[in-house]
Amino acid sequence: MSFKVGIISDTHSLLRPEAVRSLGGVDYIIHGGDIGSPDVLAALHEIAPITAIKGNVDTAEWAASYAATASVQLAGKTFYILHDLNTLQISPAALGIDVVVSGHSHMPKLDTVNGVLYLNPGSAGRRRFRMPVTLATVDITPNGVRPIIHDLIGS
């Protein structure tokens, strides 16, 4: 059995049809901040349950109810979510966190440190400079977690 988590960040008010298609069939969605509009969250919630945090652009009144960090247990794995990895003030390995999700840089990245997967899905919103437009999925299986970065519109 597998549990699939969709991970998206930096939508900046734009939920691309390609992102919706890529998230089709996921069991849960995590948004890593810089949402831009509550309409993005409403559309994502139509796909699957969601945990979202606010990023540095989420300053409007609608975003006041969203925290800067969150933690969620999914299929026996603990995900810790914050927008800017540079602001991390905890030791994920010491706390038994399995996956740290961040955004902010607009650059997708997968890295494992001390048994913790650090995942930045990149930006799924408007292309910034020549950066890719991406999101990620994580398959949770009895053998562990398998992250994949999905390029939404090509280079």
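Below: a short report on this structure.

Comments concerning the sheet that holds strand 4 (residues 69-74)
Spatially, five strands are ordered 4-5-6-8-7 in an open sheet, and the strand pairing comes out mixed. Whereas interior strands pair on both sides, the edge strands pair on one side only; in this sheet they are strand 4 and strand 7 (109-113). When the angles between neighbouring strand axes are averaged without regard to direction, this sheet yields 20 degrees. As defined by bridge partners, strand 4 adjoins strand 5 (residues 77-82) across six bridges and the pair is classed as antiparallel. Within the sheet, the bridge partner assigned to Gln-73 lies in strand 5 and is Thr-78.

Thoughts on the side chain of Ser-9
Here Ser-9 shows up in the loop between strand 1 (3-8) and helix 1 (17-23). Classification of Ser-9 as buried rests on a relative accessible area of 0%. Polar contacts involving the side chain of Ser-9 include one to the main-chain carbonyl oxygen of Gly-33, which spans 3.4 Å.

Examining the pairing of strand 1
Of the pairings in the sheet, the one linking strand 1 to strand 9 (residues 134-141) comprises five bridges and is antiparallel in character. The partner of Phe-3 across the bridge, within strand 9, is Ile-140. Two elements, strand 1 and strand 2 (residues 28-31), share four bridges in a ladder whose sense is parallel. From the neighbouring strand, Ile-8 faces strand 2, where its bridge partner is His-31. Read as a crossover between parallel neighbours, the route from strand 1 over helix 1 to strand 2 is right-handed.

Some thoughts on the pattern of salt bridges
For the structure on display, the rule yields one salt bridge. A salt bridge links Arg-146 to Asp-139; the shortest N-O distance between them is 2.8 Å.

Re the packing of aromatic side chains
Scanning the model with the defined rule gives one aromatic pair in all. Relative to Tyr-66, the ring of Trp-62 lies with its centre 6.2 Å away and its plane at 70 degrees, an arrangement referred to as edge-to-face. Residue classification places Trp-62 among the partly exposed positions, given a relative accessible area of 24%. On the accessibility criterion, Tyr-66 (26% relative accessible area) is partly exposed.

Calculation rules
Residues numbered from 1 in each chain as written. Predicted model: local features only at pLDDT ≥ 70, side-chain atom pairs only at ≥ 80, totals over all residues. Heavy atoms only, no water. Pairing = 2+ DSSP bridges. Helix = DSSP H or I, 4+ residues; strand = E, 2+ residues; numbered from the N terminus. Axes fitted to C-alpha atoms, helices over the stretch in contact; angles between N-to-C directions. Buried < 20%, exposed > 50% of the residue type's maximum accessible area, 1.4 Å probe, protein only. Polar contact = N/O pair within 3.5 Å; in protein donor to acceptor, adjacent residues only side chain to side chain. Right-handed = clockwise from strand over helix to strand, strands pointing away. Salt bridge = Lys/Arg side-chain N within 4 Å of Asp/Glu carboxyl O. Phe/Tyr/Trp six-rings, centres within 6.5 Å; stacked < 30°, edge-to-face > 60°.

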